[in-house]
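Structural features, examined
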Amino acid sequence: PEMPLKGSNNKAIPLIGYGTAEYPFGASKELMKDSILHAIRLGYRHFDTASLYESEQPLGEAMAKALELGIIKSRDELFITSKLWCCDAHRERVLPALQQSLKNLGLEYIDLYLIHWPVSLKPGEYELPVKKKDLHPMDFKSVWEGMEEVKELGLTKFIGVSNFSCDKLEMLLSTAKTPPAVNQVEMNPLWQQKRLRQFCKEKGIHVTAYSPLGAKGTLWGTNRVMECEVLKEIAFAREKTVAQVCLRWAFEQEVSLLVKSFNKERIKQNLDIFDWKLNPEDLEMINQIPQHKGFPGIEFVSEEGPYKSLEELWDEKI
Ligand code: A2P
């Protein structure tokens, strides 16, 4: 299934996407490439990467292989998202950063280009954790002009943002000529983003959920989602896995989602969410789960930087 995005391009965003972020890096490039190729074979059509993830190149190689093997007939069948890292969030850095991503991917265009975080870093710093002393306020207006430019040049079909609060979206919208098509944010049963989703709906901004399983094992992850008793209970009753309950829940919220796995069995399992549904009682139980943000983003908060507290970063209490 897919959903149209607002804008002049008539390409829709596939609702089930495949995430490639892992940090600290554990998987080899070869494992990434094989996993992605396997995912294309099984029917995933949306792939998410970023200049930070070191997965652009294996993704590019997997796409080329899929074309060569005839698994897909043309590159157009895939929807590719990449992101502008904070060190490139400067007006004049946007174009060269996307050109580098395109080179890594072996593509002439991507489908969606996102500002990764609402903050700038000193040029050249592609590192996590970020160096807090090098964080700077992002000039939303001029960086977004850079995003609009790469869209006009045809290097990306859509432009959007990631990790933006309602207030920051509002700020961006106040100067943008082309509104962001997408806001990609953490979203799972433990961090449901009800207010942000309502806001985005009103503004016609599509929401993509990252860490739908809580991203356990990564720098930004937590095992709280997969260990949640309510989800375990629902999974047991439906004879599904907790992961499938999370993915089905996100799917039923009319967002697109990005799930990461470099394991063949789990890559398949994560697609198996279309021939069953959660019932109203399940949904109500999920609705009642106490909220807990898995990745507060404390690394973007510092005394000298643009955000002095988590509240300033997210414009709400975390
Ligand atoms: P692996 O790559 O070994 O499958 P998220 O999508 O929220 O970022 O979560 C990704 C994490 O969840 C990864 O550590 C991934 O590990 C794991 N994962 C992905 N799919 C499943 C699944 N169906 N069951 C259990 N763990 C999963």
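In this convention, every chain numbers its residues from 1, walking through the sequence in written order. Given that this is a predicted model, residues contribute local features only at a pLDDT of at least 70 and side-chain atom pairs are listed and counted only at 80 or more, while totals for whole chains, interfaces and linings are drawn from all residues.

1. Focus on the sheet that holds strand 6 (residues 110-115)
Paired strands, in this sense, are two strands between which DSSP finds at least two bridges. Note on conventions: DSSP H or I runs of at least 4 residues are helices, E runs of at least 2 residues are strands, and numbering of each starts at the N terminus. In space, the eight strands of this closed barrel follow the order 3-4-5-6-9-10-11-12, with parallel pairing throughout. Geometrically, the sheet is characterised by an average inter-axis angle of 30° between neighbouring strands, direction not taken into account. Pairing between strand 5 (residues 79-84) and strand 6: four bridges, direction parallel. By the bridge assignment, Lys83 is partnered in strand 6 with Leu114. Only the stretch in contact is used when a helix axis is fitted, and all axes are lines through C-alpha atoms; the angle between N-to-C directions ranges over 0 to 180 degrees.

2. Observations regarding helix 8 (residues 242-252)
Along helix 8, ten of the eleven residues are buried, which leaves the element largely enclosed by surrounding structure. Among the residues of helix 8, Val242, Ala243, Gln244, Val245, Cys246, Leu247, Arg248, Trp249, Ala250 and Phe251 are the ones counted as buried. A pair of residues counts as a contact when their C-beta atoms, built from backbone coordinates, are separated by no more than 7 Å. Where helix 8 is buried, its residues meet strand 11 (206-210), helix 7 (229-238), strand 12 (256-260), helix 9 (264-269) and helix 10 (280-287). Trailing helix 8 by a residue or two, Glu254 shows a phi angle of about 60°, which is positive. Any residue surrounded by 20 or more other C-beta atoms within 10 Å of its C-beta is treated as buried, while 12 or fewer makes it exposed and the intermediate range makes it partly exposed; C-beta atoms here are placed from the backbone.

3. Side note on the UniProt feature "binding site: substrate" (unreviewed entry) in the protein chain
UniProt positions are given in the numbering used here, feature names are shortened, and annotations may be inferred rather than shown by experiment. Mapped onto this structure's residue numbering, the UniProt feature "binding site: substrate" (unreviewed entry) falls at His116. Sequence-distant contacts of His116, that is, excluding residues within four places in its chain, are made with Ala50, Leu52, Lys83, Leu84, Trp85, Cys86 and Ser162.

4. Considerations on the site of the ligand
In this entry, near means the residue's backbone-placed C-beta atom lies within 6 Å of the molecule or strand. Taken together, 18 residues lie around the ligand, and Leu213, Ala215, Ala243, Ser261 and Asn263 are the ones closest in. Secondary-structure elements contributing two or more residues to the shell around the ligand are strand 12 and helix 9. Among the residues making up the shell around the ligand, the classes are represented as six nonpolar, nine polar and three charged. The nonpolar class holds Ala, Val, Leu, Ile, Met, Phe, Trp, Tyr, Cys and Pro. Asp, Glu, Lys and Arg form the charged class, and all remaining residues, Gly among them, are polar.

5. A short note on unusual backbone geometry
In the segment running from Leu128 into Pro129, the intervening peptide bond is cis, with an omega of -10°. Examined against the element boundaries, Pro129 turns out to sit in the loop between strand 7 (120-121) and strand 8 (135-136). In the Ramachandran plot, Gln193 falls in the positive-phi region, its phi being about 60° despite a non-glycine side chain. Within the secondary structure, Gln193 is located in the loop between strand 10 (182-186) and helix 6 (194-203). For Gln193, a count of 20 C-beta atoms within 10 Å corresponds to the buried category. One non-glycine residue with positive phi stands out, namely Ser211, at about 50°. With respect to the helices, strands and loops of the structure, Ser211 is situated in the loop between strand 11 and helix 7.

6. Quick word on the UniProt feature "domain: NADP-dependent oxidoreductase" (unreviewed entry) in the protein chain
Following the UniProt record, one finds the feature "domain: NADP-dependent oxidoreductase" (unreviewed entry) at residues 16-289. The straight-line gap between the two end C-alpha atoms of residues 16-289 is 24 Å; of that span, 39% is helix and 16% is strand.

7. Here's the deal with the pairing of strand 3 (residues 16-19)
Sheet faces and side chains relate simply in a regular strand, where the side chains alternate between the two faces. Here strand 3 shows a buried face lined by Ile16 and Tyr18 and a second buried face lined by Gly17 and Gly19. Relative to strand 12, strand 3 runs parallel, the two sharing four bridges. Pairing of Tyr18 across the sheet is with Val259, part of strand 12. Sheet topology places strand 3 next to strand 4 (residues 46-48); three bridges connect them, and they run parallel. Residue pairing for strand 4: Gly19 is matched across the bridge by Asp48. Handedness of the strand 3-helix 1 (residues 29-42)-strand 4 crossover: right-handed. With its strands directed away from the observer, a crossover is right-handed exactly when the path from the first strand over the helix to the second travels clockwise.

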